[in-house]
Amino acid sequence: MTLDNPAFIDELPLGSPSRIVRFRHSLWSRVLGRVGSGVVVLWAAVTLSFASLQIAPGNIVNLLVGDQLPTPEVEAAIRAEWGLDEPLIVQYLRYLWRILHGDFGRSYVLQSDVTSLILSQLWPTLKLTSAALVVAIVFAVTAAVLTAGRRWPRRLASAAELVLVSTPSFWLGIVLLFVFSFTLKLFPVAGDKNFSSLVLPALSLGLSLGAVVSQVLRQGLENALEEPFALTVRSWGCSDLTLRLRHCLRHASLPAVTLTGWLVGGLLSGAVITEQVFGRPGLGKVTVDAVLGKDLPVVLAVAIFSALIYVVLSTLVDLLYLFLDPRLRTRNR
Amino acid sequence: MDLIKHSFRLAAATFAVSALVFSTFNANAAADGPPVQGGSLIWGVETEPATLNPHLNGQDKTKLLLRNVFETLLARTKDGGYLPWLATGYKISDDGKTYTFTLRDDVTFSNGEKLDAAAVVTNFTKLKDPAYSGSASSGPVSRLADAKALDERTVELSLKEVYAPFLDFASGLEIISPASFASPQIKSGGTEITGTGPFILDRYAKGQEIHFVKNPKYQWAPSTAAHRGPAYLDEVTYRFLSESSVRAGALTSGQVNLIEGVSGNDAGLFRDDPEYSYQSALNTGTPYSLFLNTTFGPTQDVKVRKALIAAIDVDAVLKSVYRGERTRAWGITSPVDTQLYDASIEKSYGNDPQLSNQLLDQAGWTARDADGYRTRDGQRLTIEVVQAQATVRDQRDVLLQALQAQAKQKAGIDLTISYVDAGTYTDRRATGKFGSIANSNTPTDGIDIEYHYLPIKQGGSINYSRASAPELLGWLRAAASTLDQKKRFDLYARLQRFAIIDQAYAFPLYEPEDQIAASSQVQGVSFRPFKQLPESAYDVWLSK
C-alpha cells in the first residue's frame, strides 16, 4: 500500500484562499486514483494467488482423492467436476470472467458456494477487527495522553505496553478467557451472538496493536508539548488536558495514523488465531483451512476480499490525513 | 451469556415439570432417577464438519453429530456382531456374493418420504458414481456389481466377488432420503438433505455451531439404544471449539453441558470431580504408527527399521507425554476388533536398546559424528518423519519430539520431523521420498489393514511403508474372500507378526481414543458399540 509520507509536509505552501475548492478537488482526484489503483491491486491479488497456488506443491486431483484409491474413473470425474481438464490459461481466464459476474465458484473441500461462504464469514471478521481497532485506538489515546511527558506514569505505561506487545495473542486470549469467562463468568467463551461475545476477542486482538500505537503517539505528543505553540496555549490558561487533547493530539496523530493503517492489515491475519481460540466464525479459519487444503476457489476469493479491504483502508487513511492536517489539503496534485 | 443463562433456567423449569409427570410412568428408573423429557443440550466439539453429507464426509470426529440425522441398515454389537435397525434382517447367499436386506416398513425420512427398497438402492447406486461421491466411489462400494429392489421392502446387493468386509460397509452406509439427491445442497449437506434419525438439522452457522431439533415421529431406535420412541432432548447444539483448553473451560464454567476431546492434562480434572463424568473409548482401526519406508533412505534396510523399533521405550514416552492417559499399541489393528486382533503380539518386542545398537552395527552404521549420530560412509543415519500439519492433534507433535530424543539418545538415530501442508504431503506420498509417515485410521473389519498393507497399486492407498512383499497380497486376498471368521483371524495374525516383528514395516505407538467429559447433570452419554465413536444425542437427557 502506498501511504503518502507525511515527512514532506513541511515543504508544502501553507494557507490558500481557495482551500476548500482545492480540498474537494484533491479529495475527488484521490478517490478516483484510488479506485483505479484498487482495481489493479485486486487483479494482481487474483493473479498472484492463482499463480502461487499452481506453483505450490501438490496436485489438486491427488489432493481431492485423499486417502482413497486413485482410479482413472475417479480422477476423470474430479477433473470434469472442477474444470481441471482445461489448460491453465483457460482455467485462469474463465475464472476472471466468472468473478466479473460475481460467481466465485464452489469450494473443493467444503463443496459449498464460495460467495455465500465468504459473505457469511466476512461480517464476523470485520466486526472483530473493527472492535479490535476501537480497543487499540482508545487504549493508545488514553495511555498516551495521560502519560506523555510524565515521568513515572510514562515508565509504568511503557512497561505495560512492552508486555502487551510481546504477549502472543493466543496466550492473551486464553488468559482473558480463563479470568473473565471461565472464572468470573462475565463473558461467553464462544460464538458471534451479541456484543458481550465480542469483548474478549476484541481485547485479545486489539491490545497489542494499541500498545504499539500508544508508544508512537506518546512520542509525538511529547514532541508537540515541547513546541512553542504549546507554551502559547498554556499562556491562555488552558488546562493541561485540553492542551493535550485539543492541540497536541492532532500533531502527534499523523505518524500514529500511518502506523495504524499498516497494522490493521496485521489485525486481519491476527484474527485467525483469535477466531480459533474463541470459537468465532470468521474468514481466518476458513482461510487457513483453504490454504492448507489447497482449496483454490476459497483462497482466491479470500485474496480478492482482503485486497479489497486493504484498498479501502489505505484510502481511508489517506483521507484521514487530509482532515488531520490542513497543510496537506493545499497540496497541488 | 445472558442468553445462555436464560435458556438454562428455562430448561431447568421444563425438567422440573416433566420430571414430575414422568416419574409416575417410568418404571425402569436408573440410579439417577427416571429420564427427563425435554430440555436443550450444548455440546462442545473439536472438529467442524467439512460437509454435512455423511457419504462425502470422511471425518470420524464429526460422525457424532451426523448420526443424529442419518441412520444405517444394521447396528453393531460390542463384539462386532450385527443387529436390526432400518433393516429387520439380512441374508448372505451361500456363494457369499449376494446380500439381501429386509427393511422395516414403518420408517419415514424427516421430509416425509418413506424408507423403501428403492430409496436404499438409490443410495448405493449414487455412491458408486464418481461424479457424486468422488474418491469414495473407489472404496468398498466399488465391489458392488448391482443393487436392486426386489420388492418394496427387500434390497439385493450383488458383488463381483466375495469380499468379507462388505457387510461392515453396506450395513453402515448412512441412508439419505431420495429427494435429497436432487437438492443443490447435496454435496455440502444442509437442511434439505434429510435422513431418518431422531433429530433434524435445523440450522448451521459455519465456524460457530450446528443446531438440531427433535424428530417427534421417531420410533425405530435399534436395540442397542437405551430407550424407544423420540429422543429425550428437544434440541441439541454442537458448538465448535477447536482448542482443548477452551472446551474444558467452557465446561467447567457451565457454558456447555458436555465436551468431546479432552487432553491428557485435563482428563484427571474431570474424572476425579463428582461434578463431572468422564469416559473414553479406544478407536477402531490401525493405531497411530510410524510407517517405515521400505523403498527410500536408510529404512530400506530391515535392520534399521528393527533397530528404530527396538531403540525406543514407548511406554515411558507415552507416560511422559500423556500422563498415562493413552494406551500403548502393539499391532496392525485396534484391540477393539476382537474378531481380527491377535493380542499375543503384545509385549513381544521393543525397548531393547542393546539389540538396536547391535542391529545398527551389523547394518554398517558404525561411526558417530560430532553430534553423536551414527553415520555410514560419511552419511548420517537420518529418518525423516513426514507429518501433515492438518493432522497434528492430540499432542502428537510432542509425542514425535519425545521419540526423536529417545532415538538419538538410545541408538544414535537422527529422527527428523517435517510438518508439511496438504499439497506437499500429497507430493511426498506420491513420490515416496520420505523416511516415515505417521498415520492412523479407523475403518473396521480389516478394511483398515487393507488400506495400509495392500500393494499401493492394488488398493493400498495409504500403504506408507510401501511394502509389496507377495505374502501380504496373498494373506489379504485370502482374508477378504472368506466369510470364515476363524480363518480371517489366523490370516491377519500371520500378517501382523510378519509386518511388525519380521519386517518392521510399522512401529505402532498408541491407540487413538475419544473422550467425553460432561457435567453430572448430563445422563445417557455413551460410545457406539464396536465403532467406538461418541454416540448421537438420542439417549441423552438432562437431570435436574
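Residues numbered from 1 in each chain as written. Chains lettered and ligands numbered in written order. Predicted model: local features only at pLDDT ≥ 70, side-chain atom pairs only at ≥ 80, totals over all residues. Heavy atoms only, no water.

In the annotation of an unreviewed UniProt entry, chain B is listed under the name Peptide ABC transporter and assigned to Phyllobacterium sophorae. As stated in UniProt under Sequence similarities (unreviewed entry), the record for chain B gives "Belongs to the bacterial solute-binding protein 5 family." (UniProt positions renumbered as here; feature names shortened; annotations may be inferred.)

An unreviewed UniProt entry lists chain A under the name ABC transporter permease, with Phyllobacterium sophorae given as the organism. Quoted verbatim from the Sequence similarities (unreviewed entry) field of UniProt, the annotation for chain A is "Belongs to the binding-protein-dependent transport system permease family." Taken from UniProt, the Subcellular location (unreviewed entry) comment for chain A reads in full: "Cell membrane".

## Some points on the overall build of chain B
Counting secondary structure elements, chain B contains 15 helices and 24 strands. For 544 residues, the compact-globule formula gives about 24 Å, and the C-alpha radius of gyration of chain B, at 25 Å, lands near that figure. Across its three principal axes, chain B shows a C-alpha extent of roughly 80 × 55 × 40 Å. Within chain B, contacts between residues separated by at least 24 positions form 68% of all contacts whose residues are at least 6 apart in sequence. Summing over all exposed atoms, chain B offers an accessible surface of approximately 20,100 Å²; the carbon and sulfur share of this is 51%. Chain B carries 56 positive and 62 negative side-chain charges, and their two centres are separated by 3 Å. (Helix = DSSP H or I, 4+ residues; strand = E, 2+ residues; numbered from the N terminus. Rg over C-alpha atoms; globule rule 2.2 N^0.38 Å. Contact = heavy atoms within 4.5 Å. Areas by Shrake-Rupley, 256 points an atom, 1.4 Å probe, with all protein chains shown as cover. Lys, Arg positive; Asp, Glu negative; His and termini not counted. Charge placed at Lys NZ, Arg CZ, Asp CG, Glu CD.)

## Structural notes on the UniProt feature "domain: Solute-binding protein family" (unreviewed entry) in chain B
Sequence positions flagged by UniProt for "domain: Solute-binding protein family" (unreviewed entry) are, in local numbering, residues 83–443 of chain B. Span residues 83–443 of chain B is 26% helix and 25% strand, its end C-alpha atoms 19 Å apart.

## A word on the interface of chain B and chain A
If you look at the interface, chain B gives 43 residues, while chain A gives 47 residues. In total, chain B and chain A occlude about 3,600 Å² of area from one another, counting both sides; carbon and sulfur atoms represent 59% of this. Viewed at the interface, chain A and chain B are joined by one salt bridge. Between Glu81(A) and Lys187(B) there is a salt bridge, with its nearest N and O atoms 2.7 Å apart. Taken together, the connections running from chain B to chain A amount to seven residue pairs in polar contact (both at pLDDT 80 or more). Within the residue set of the side of chain B that touches chain A, elements represented by two or more residues are α4 (130–133), β10 (235–240), α6 (244–252) and α12 (422–431) of chain B. In terms of residues, the side of chain B that touches chain A owes the most to one element, α12(B), which gives six residues. Across the side of chain B that touches chain A, the residue classes break down as 15 nonpolar, 20 polar and eight charged. (Buried area = accessible area lost by both parts, 1.4 Å probe. Salt bridge = Lys/Arg side-chain N within 4 Å of Asp/Glu carboxyl O. Polar contact = N/O pair within 3.5 Å; in protein donor to acceptor, adjacent residues only side chain to side chain. Nonpolar A, V, L, I, M, F, W, Y, C, P; charged D, E, K, R; others polar.)

## Quick look at the pairing of strand β22 (residues 513–519) of chain B
Residue and element names in this part refer to chain B. The buried fraction of β22 amounts to seven of the seven residues, a majority that puts the element mostly inside the structure. Alternating residues of β22 divide into Glu513, Gln515, Ala517 and Ser519 and Asp514, Ile516 and Ala518, and every residue in both groups is buried. Strand direction decides the pairing type here: strand β11 (residues 258–260) and β22, joined by three bridges, are antiparallel. The partner of Ile259 across the bridge, within β22, is Ala517. As paired elements, strand β12 (residues 276–282) and β22 share seven bridges and run antiparallel to each other. Looking at the pairing, Tyr276 lines up with Ser519 of β22. (Buried < 20%, exposed > 50% of the residue type's maximum accessible area, 1.4 Å probe, protein only. Pairing = 2+ DSSP bridges.)

## A few points about the side chain of Thr299(B)
All names here are of chain B. Relative to the helices and strands, Thr299 resides in the loop between β13 (288–292) and α8 (302–311). A polar contact of 2.6 Å, which involves the side chain of Thr299, links it to the backbone oxygen of Asn293. In contact with Thr299, not counting residues within four places along its chain, are Leu292, Asn293, Thr294, Val304, Arg305, Ile383 and Gly435.

## Regarding the packing of aromatic side chains
Tallied over the full model, the rule gives 24 aromatic pairs over all chains. Judged by centre distance (5.7 Å) and plane angle (85 degrees), the rings of Phe212(B) and Tyr238(B) are edge-to-face. Of the two residues, Phe212(B) is situated in strand β9 (residues 209–214) and Tyr238(B) in strand β10; the sequence distance between them amounts to 26 residues. As far as burial versus exposure is concerned, Phe212(B) and Tyr238(B) are alike and both buried. Between the aromatic rings of Phe291(B) and Tyr464(B), the centroid separation amounts to 6.4 Å while the plane-to-plane angle is 70 degrees, which identifies the pairing as edge-to-face. Residue Phe291(B) is located in strand β13, and its partner Tyr464(B) is located in the loop between α13 (447–453) and α14 (470–480); the two are separated by 173 residues in the primary sequence. Its relative accessible area of 0% is what places Phe291(B) among the buried residues. Here the aromatic residues Tyr99(B), Phe124(B), Phe166(B) and Phe169(B) are joined through ring pairs into a cluster of three or more. When the ring centre of Trp152(A) is taken as origin, the NZ or CZ atom of Arg155(A), which lies over that ring, is 4.9 Å away. (Phe/Tyr/Trp six-rings, centres within 6.5 Å; stacked < 30°, edge-to-face > 60°. Lys NZ or Arg CZ within 6 Å of the ring centre and 35° of its normal.)

## A few points about the pattern of salt bridges
Side-chain pairs of opposite charge can arise where the charged atoms are in close proximity. Residues and elements named next belong to chain A. One pass over the structure, following the stated rule, counts 35 salt bridges over all chains. Here Lys285 makes a salt bridge to Asp289, at a shortest N to O gap of 3.4 Å. Residue Lys285 and its partner Asp289 are located together in helix α11 (residues 283–292), separated by four residues, close to a single helical turn. Residue class for Asp289 comes out partly exposed when judged on its relative accessible area of 41%.

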